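For reference, the chains in residue letters:
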Amino acid sequence: MSPAQYCARYGIAESTLRGWLKRGLMEGAEKCGGIWDIPEDARARYEPRKKKNRTQDDNRWDLLKALKERRYVDEKVLLCQKADFVDLANDLLDKGFIIMSSTPCDGKWNTGYAISQLGLDAIESRSKKDFLEFWKATCSGITSGVMEALPR
């Protein structure tokens, strides 16, 4: 599909898509004779913030952001070990922030996960710091009223 068709289908600005294509983030996209051809189900790989000493909190935030933006993310993208990524995903699944996707993991375009409504509510219009406070409250079982109390 053409870049214009891809943008129309997924509601992405053409300038954003051009940047992803330029940085090689669109798996399977090919340029033939100056024209891009993009697979219909292609997703751009997520780009986490470059940071030394990434923590599980960084990865938790980036995984949710990637799923919200319909971007591909895995342990290589988050610069962590496979076991750490699996633990992270299972933790988010257990707490209800993500759900299993109807499309299985293919290692290229789909991680096998989707963001849940709780996950969307938790990161929508919140800073990373506010999200992490909500996460800690969720982990300690104190969720009643916490989401409303956190600044947006």
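### With respect to the nonpolar core
Inference 1: If you look at the biggest cluster of nonpolar residues, it comprises 24 residues, and the most contacted ones within it are Leu-63, Leu-64, Leu-92, Phe-97 and Phe-131.
Inference 2: If you list the elements that add at least two residues to this core, you get α3 (56–68), α4 (82–95), β4 (113–115), α5 (117–123) and α6 (128–139).
Inference 3: Looking at this core, the element that brings in the most residues is α3, giving 5 residues.
Inference 4: If near-sequence neighbours (up to four positions away) are discounted, Phe-97 is found in contact with Leu-64, Leu-92, Ile-115, Ser-116, Leu-118, Gly-119, Ala-122, Phe-131, Phe-134, Trp-135 and Thr-138.

### Thoughts on the environment of Pro-48
Inference 1: Inspection of the secondary structure puts Pro-48 in the loop between β2 (35–37) and α3.
Inference 2: In sequence terms Pro-48 and Leu-63 are 15 residues apart; their C-alpha atoms lie 8.9 Å from each other.
Inference 3: Excluding its chain neighbours within four sequence positions, the residues that come into contact with Pro-48 are Arg-54, Asp-62, Val-77 and Leu-78.

Parameters and conventions
- Residues numbered from 1 in each chain as written.
- Predicted model: local features only at pLDDT ≥ 70, side-chain atom pairs only at ≥ 80, totals over all residues.
- Heavy atoms only, no water.
- Core = buried A, V, L, I, M, F, W, Y, C linked by side-chain atoms within 4.5 Å.
- Buried < 20%, exposed > 50% of the residue type's maximum accessible area, 1.4 Å probe, protein only.
- Helix = DSSP H or I, 4+ residues; strand = E, 2+ residues; numbered from the N terminus.
- Contact = heavy atoms within 4.5 Å.

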